[in-house]
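Here is how the chains run, residue by residue.
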Amino acid sequence: MQDKIRGVLFDLDGVLVDTAKYHYQAWSQLAESLGFSFTEKDNERLKGVSRQASLEILLSIGNVSLTDKQKENAMAEKNANYVEMISKMTPGGILPGALELLKELREKGIKTALGSASKNAPIILERTGLDQYLDAVVDGNRTSQAKPDPEVFLLGASDLNLKPGECVVFEDAEAGVEAGKAGGMLTVGIGHEDQLGAADALFPNLKGVSWTMITEALEKS
Ligand code: BG6
Ligand code: MG
């Protein structure tokens, strides 16, 4: 197994960086301006989901209907708040263990790519310095199909000149694990069994997780 894997495709939000709290704050502000409150539990439903689909979920929670134009304005308002927050990010926003793993992969000659739904990935990568550790970047600016469609990861594998079967996907969202599997890749879930039980291997987070531990867990699957 270890010889066969030549690339790792990383989701961004919730796997490499701690941005869920900023998405939550920005969506909460929007909900408040629309007259309802939005809980952290509700926010779980937005993980891995595109901006537009997130807005639809938020509106259904608040039982609010908006015109298309109002929806566009609402997304722009949410995104402006979110961008203000992520523009202040530093390397401290990288989740524990993520940088160590990226460095280890580089030393071992395993290629790495980003596979994210976010259109804001370039700002986050630049602010945290993660861009130096990725061989390719596929984000929401390059894709037309949202996860669980495998498009984002198939593009990542192709950018790395690898076959899907030579890649492992790291994901914290159920739709992301489904996307990796649909693309023919092995999957590592980062989070809880409840959402990520379908992944080939599971870790609560990347803290102290080495490449050897990951390949051993995948071999057992
Ligand atoms: C995903 C996040 O990575 O990106 C979602 O998990 C988010 O919560 C989606 O909605 C789109 O992000 P952005 O930055 O383009 O609004
Ligand atoms: Mg994620």
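Right above here is the structure, for reference.
Here goes a summary of the coordinates provided. (Residues numbered from 1 in each chain as written. Chains lettered and ligands numbered in written order. Predicted model: local features only at pLDDT ≥ 70, side-chain atom pairs only at ≥ 80, totals over all residues. Heavy atoms only, no water.)

1. Examining the overall build of the protein chain
- Scanning the protein chain from N- to C-terminus turns up 10 helices and six strands.
- For 221 residues, the compact-globule estimate of 2.2 N^0.38 gives 17 Å, and the C-alpha radius of gyration of the protein chain, at 17 Å, lies within 12% of that figure.
- With respect to the three principal axes, the spread of C-alpha positions in the protein chain is 55 × 30 × 30 Å.
- Counting across all 221 residues of the protein chain, residues that qualify as buried make up 50%.
- Long-range contacts, defined as pairs at least 24 residues apart, comprise 61% of the intrachain contacts of the protein chain with a sequence gap of at least 6.
- When the accessible surface of the protein chain is split by element, carbon and sulfur atoms take 47% of a total near 10,500 Å².
- If the 23 positive side-chain charges of the protein chain are averaged to one point and the 33 negative ones to another, these points end up 2 Å apart. (Helix = DSSP H or I, 4+ residues; strand = E, 2+ residues; numbered from the N terminus. Rg over C-alpha atoms; globule rule 2.2 N^0.38 Å. Buried < 20%, exposed > 50% of the residue type's maximum accessible area, 1.4 Å probe, protein only. Contact = heavy atoms within 4.5 Å. Areas by Shrake-Rupley, 256 points an atom, 1.4 Å probe, with all protein chains shown as cover. Lys, Arg positive; Asp, Glu negative; His and termini not counted. Charge placed at Lys NZ, Arg CZ, Asp CG, Glu CD.)

2. Quick word on the site of ligand 1
- Around ligand 1, the surrounding shell holds 14 residues, and the nearest of these are D13, V49, S118, K119 and N120.
- At 3.1 Å from an oxygen atom of ligand 1 is found a main-chain nitrogen or oxygen belonging to L46.
- For ligand 1, an oxygen atom lies 2.8 Å from a polar atom in the side chain of R51.
- Of the residues in the shell around ligand 1, the class split is four nonpolar, six polar and four charged.
- Of the domains in this structure, domain 1 (7-18 + 91-220) and domain 2 (20-86) are the two that each give at least three residues to the shell around ligand 1. (Near = heavy atom within 4 Å. Polar contact = N/O pair within 3.5 Å; in protein donor to acceptor, adjacent residues only side chain to side chain. Nonpolar A, V, L, I, M, F, W, Y, C, P; charged D, E, K, R; others polar. Domains from an automatic or database assignment.)

3. Quick notes on the pairing of strand 4 (residues 167-171)
- Burial runs high along strand 4: five of the five residues are buried.
- Burial along strand 4 is two-sided: the face carrying C167, V169 and E171 and the face carrying V168 and F170 are both buried.
- Alignment of strand 1 (residues 7-10) against strand 4, held across four bridges, turns out to be parallel. Considered in strand 4, the bridge of L9 is made with V169.
- Sheet topology note: the strand 4/strand 5 (residues 186-190) ladder contains four bridges and is parallel. Following the sheet pairing, E171 is matched in strand 5 by G189.
- In terms of handedness, the path from strand 4 via helix 8 (residues 174-182) over to strand 5 forms a crossover that is right-handed. (Pairing = 2+ DSSP bridges. Right-handed = clockwise from strand over helix to strand, strands pointing away.)

4. Section: the pattern of salt bridges
- Enumeration over the complete set of coordinates arrives at 12 salt bridges.
- Between K69 and E72 there is a salt bridge; the shortest N-O distance is 3.7 Å. Separated by three residues within a single helix, K69 and E72 lie in helix 4 (residues 68-86), roughly one turn from each other.
- Since its relative accessible area comes to 52%, K69 is described here as exposed.
- For E72, a relative accessible area of 49% corresponds to the partly exposed category.
- Across the pair K108 and E104 runs a salt bridge, and its minimum N-O distance is 2.6 Å.
- A relative accessible area of 15% means that E104 is categorised as buried. (Salt bridge = Lys/Arg side-chain N within 4 Å of Asp/Glu carboxyl O.)

5. Some thoughts on helix 1 (residues 20-33)
- Taking 1.5 Å of rise per residue, the 14 residues of helix 1 would be expected to cover 20 Å, and the 20 Å separating its terminal C-alpha atoms lies within 8% of that figure.
- Within the span of helix 1, buried status applies to Y22, H23, Y24, A26, W27, S28, L30 and A31.
- Residues of helix 1 that are buried in the fold lie against helix 2 (40-44), helix 3 (51-62) and helix 4. (Expected span 1.5 Å × (residues − 1).)

6. Examining the nonpolar core
- One finds F10, L16, F170, V188, W211 and I214 to be the most contacted residues of the largest nonpolar core, which totals 38 residues.
- Per-element tally for this core: the top contributor is helix 5 (residues 98-107), with four residues.
- Of the domains in this structure, domain 1 (7-18 + 91-220) and domain 2 (20-86) are the two that each give at least three residues to this core.
- Residues contacting L16, with those up to four places away along its chain left out, are F10, D11, G93, I94, L95, A98, L102, L114 and L130. (Core = buried A, V, L, I, M, F, W, Y, C linked by side-chain atoms within 4.5 Å.)

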